[in-house]
Amino acid sequence: MTMRGRIAARLIMAAAFLTLSACAKAPLATVPAPERAAIAANLTRDINVLASDEFGGREPGTDGETRTVAYLIEQLQSAGLTSGTNDPGSAWRAPVDLVNTTPSGSDITFEIGGENIAVGSDQGAAFTTARRLLIGRGQMIFVGFEADSIDPESIEGKVVVMLGEPGASAARRTQLFGANPSAIITVVEDEAAIEQVGRGYRRENVILASEEQKRLSGFVTHDAMRAANGEAHWNALVEEAGTDNFSPGPLEATVSMEAMSNRREFTSSNIIGLLPGAVPGSGAVFLLAHWDHLGTCGDQGDLICNGAVDNASGVAVMLELTRRLVASGPHDRDIYVLATSAEESGLLGAKAFAAEPPVALESVIAAFNFDTSAIAPSGSVVGFVGEGRTPLDRVILEVMEASGRELGDREFAESFVRRQDGWALLERGVPAVFLSTAFSSQITLGPYLARDYHRPSDEIGAIELGGAIDDLLLHQALVERIANTALYTPPAQ
């Protein structure tokens, strides 16, 4: 290279360096390395305990719950919190009444003209959460694809027969059950569809006792309906149901249907701790994370679903954040720490909390959820689940900017808004958000979902604490600001 060429190359390199320097992000706000190491050690300790085989996968209603609850109470007490249940008779533990059901058998028989037509198990099945529900010789009303137009009085106490429709059947069943029929039969295409329905309904099901509706749901094939009603007549009804002239009406055949299930009623617990604020009546900030997991989920070898990432890591981050908030206090506003049960069964613990909270939900200034935390490396962008849904956006984005944090894939983060405990609070008007490096993009979260999510491989060896520590420090800055009445005033309602 000539002298002129070497000079030109150096000028280009210098220009590139200056350009990169101008575009470089502000350094991520953090703490000294020894302090980060101490945080990592505490997180590792808590995850090791909660995700140990001794805790058996932390399934509600098992010895794993007993061990988990005891550990959480011990840690919150050691941190300096008091019980936040506001119930002297149930310190720390807020009851979550649950029902566990598994279908155990069913029978469906049509009768027409004095002839009984039994439906084989490959052609039909019936389900209920009750121990046993049955109807005898029930009058059937065929409604086709209708729901909105149905007169409730016309189907009350009768057996509704509806045509299955992918993506819409469940919503129509719910709407039709609102008119109090004795049962609903959904007609599906064939034996394969019955098998698919069975796989969904025959799984163990956990529901809130307060939300249980003991209903009788049957599923039969078109062939079964042709056998009961005559092939030509049934085919004509189905064809008519797809026209504008269709009108619901009774079927000549009657049906006897029975369903049974194995059923267990038990009480689980949400754990609620309180760091009292220095300014009474100034509102509250909530930290929440679900403590439960699946118990066992493998079919051979290691059967325990330890749930190190989901959600021992989220609980660990919440516990360590609590310790740091105690150390940096006192804070003006109350800070509640909520460890919820039965999230894996449909946010049930969070729903139970929202239905009977220890404080008025209107007093909650902000709620921050922690879930599946230990995935992303340090320096990762942040997934903002719930962005645009609460008055917290401005303060969150300000603290993020001051901390050198950036948002990740907004659309990806928003896709999880209904799949995390914060949703149960959002539905009740509580400003609840979920900020996590793990949920910043498909690239970050995807490998975990494909490899370890709800599998025995979700163990301590798979965790990555860098992003979890970043998330913890971001939340500490947020909570310290929001819990300070001089630094944050919630918008007027």
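Note: the structure precedes this text.
Residues numbered from 1 in each chain as written. Predicted model: local features only at pLDDT ≥ 70, side-chain atom pairs only at ≥ 80, totals over all residues. Heavy atoms only, no water.

Novice: Is there a simple way to think about helix α9 (residues 308-328) in this case?
Specialist: Each α-helix turn comprises 3.6 residues. Residues three or four places apart therefore point the same way. Between its first and last C-alpha, α9 extends 28 Å over 21 residues, near the 30 Å set by a 1.5 Å rise per residue. With 18 of its 21 residues buried, α9 lies for the most part within the structure. (Helix = DSSP H or I, 4+ residues; strand = E, 2+ residues; numbered from the N terminus. Expected span 1.5 Å × (residues − 1). Buried < 20%, exposed > 50% of the residue type's maximum accessible area, 1.4 Å probe, protein only.)

Novice: Can you walk me through the pairing of strand β3 (residues 115-118) in this structure?
Specialist: On a regular strand, each side chain points to the face opposite its neighbour's, so the side chains alternate between the two faces of the sheet. Summarising the sheet, strand β2 (residues 93-112) and β3 pair through four bridges and their orientation is antiparallel. The partner of Thr109 across the bridge, within β3, is Ala118. Connecting the antiparallel pair β2 and β3 is a turn made up of two residues, with Gly113 showing a positive phi of about 60°. (Pairing = 2+ DSSP bridges.)

Novice: It is not clear to me how a negative patch on the surface should be interpreted in this structure. Could you clarify?
Specialist: A contiguous patch of negative charge, built from Asp53, Glu54, Asp302 and Glu459, is present on the exposed surface. Residue placement: Glu459 occurs in the loop between α14 (442-451) and α15 (466-482). (Patch = residues over 30% accessible without salt bridge, like charges linked within 9 Å, V, L, I, M, F, W, Y side chains within 5 Å. Areas by Shrake-Rupley, 256 points an atom, 1.4 Å probe, with all protein chains shown as cover. Salt bridge = Lys/Arg side-chain N within 4 Å of Asp/Glu carboxyl O. Lys, Arg positive; Asp, Glu negative; His and termini not counted. Charge placed at Lys NZ, Arg CZ, Asp CG, Glu CD.)

Novice: Help me understand the nonpolar core in this model?
Specialist: With 92 residues, the main nonpolar core has Phe286, Leu287, Phe368, Ile396 and Ile482 as its most contacted residues. Excluding anything up to four places from it in sequence, Ile396 contacts Phe384, Val433, Leu435 and Leu478. Among the nonpolar cores identified, the runner-up in size contains 28 residues, and Ile108, Ile135, Ala253 and Ala259 belong to it. (Core = buried A, V, L, I, M, F, W, Y, C linked by side-chain atoms within 4.5 Å. Contact = heavy atoms within 4.5 Å.)

Novice: Please explain helix α8 (residues 231-241) as it appears in this structure.
Specialist: Residues of α8 that are buried: Trp234, Leu237 and Ala241. The buried side chains of α8 occupy one side of the element, clustering within an arc of 60° when seen end-on. Those residues of α8 that are exposed and aimed more than 90 degrees away from the buried face are Glu231, Ala232 and Glu239. (Arc of directions from axis to C-beta.)

Novice: Quick question: what am I supposed to make of the pattern of salt bridges here?
Specialist: Oppositely charged side chains are able to pair whenever their charged atoms sit close together. As enumerated under the stated definition, the model contains 19 salt bridges in all. Bridged by salt links that share partners, the residues Arg45, Asp46, Glu320 and Arg323 form one connected network.

Novice: What's the story with the packing of helix α2 (residues 33-50) against helix α3 (residues 63-79) in this structure? I'm lost.
Specialist: Helix-helix packing: each pair is described by the crossing angle between the helix axes and the interaxial distance. Remark: α2 packs on α3, axes separated minimally by 10 Å, with the N-to-C direction vectors making an angle of 155°. By the angle between their directions, the pair α2 and α3 is classed as roughly antiparallel. Where α2 approaches α3, its residues Arg45, Asp46, Val49 and Leu50 are matched on the opposing element by Thr68, Tyr71 and Gln75. Taken together, the residues of the contact of α2 with α3 break down into three nonpolar, two polar and two charged. (Axes fitted to C-alpha atoms, helices over the stretch in contact; angles between N-to-C directions. Parallel < 35°, antiparallel > 145°, perpendicular 65-115°, else oblique. Nonpolar A, V, L, I, M, F, W, Y, C, P; charged D, E, K, R; others polar.)

Novice: How do you make sense of the state of the cysteines when you look at a structure like this?
Specialist: Think of a disulfide as a covalent bridge from one cysteine sulfur atom to another cysteine sulfur atom. Under the defined criterion, the tally for this structure stands at one disulfide. Put simply, Cys297 and Cys305 are joined by a disulfide, and their sulfur atoms are 1.8 Å apart. Disulfide Cys297-Cys305: the torsion about the S-S bond is 75°, which places it as right-handed. Classification of Cys297 as partly exposed rests on a relative accessible area of 29%. By relative accessible area, which is 0% here, Cys305 ends up buried. (Disulfide = S-S within 2.5 Å.)

Novice: Would you explain the packing of α2 against α9 in this entry?
Specialist: Packing of α2 against α9 brings their axes to within 8 Å, and their N-to-C directions diverge by 130°. Taken together, the axes of α2 and α9 are oblique relative to one another. Where α2 crosses over α9, the two elements pack in a sense that is right-handed. Contacts from Glu35, Ile39, Asn42, Leu43, Arg45, Asp46, Ile47 and Leu50 of α2 reach α9 at Ala308, Ala312, Ser313, Val315, Ala316, Val317, Leu319, Glu320, Arg323 and Arg324. Among the residues making up the contact of α2 with α9, the classes are represented as 10 nonpolar, two polar and six charged. (Left-handed = near helix turned anticlockwise from the far one by under 90°.)

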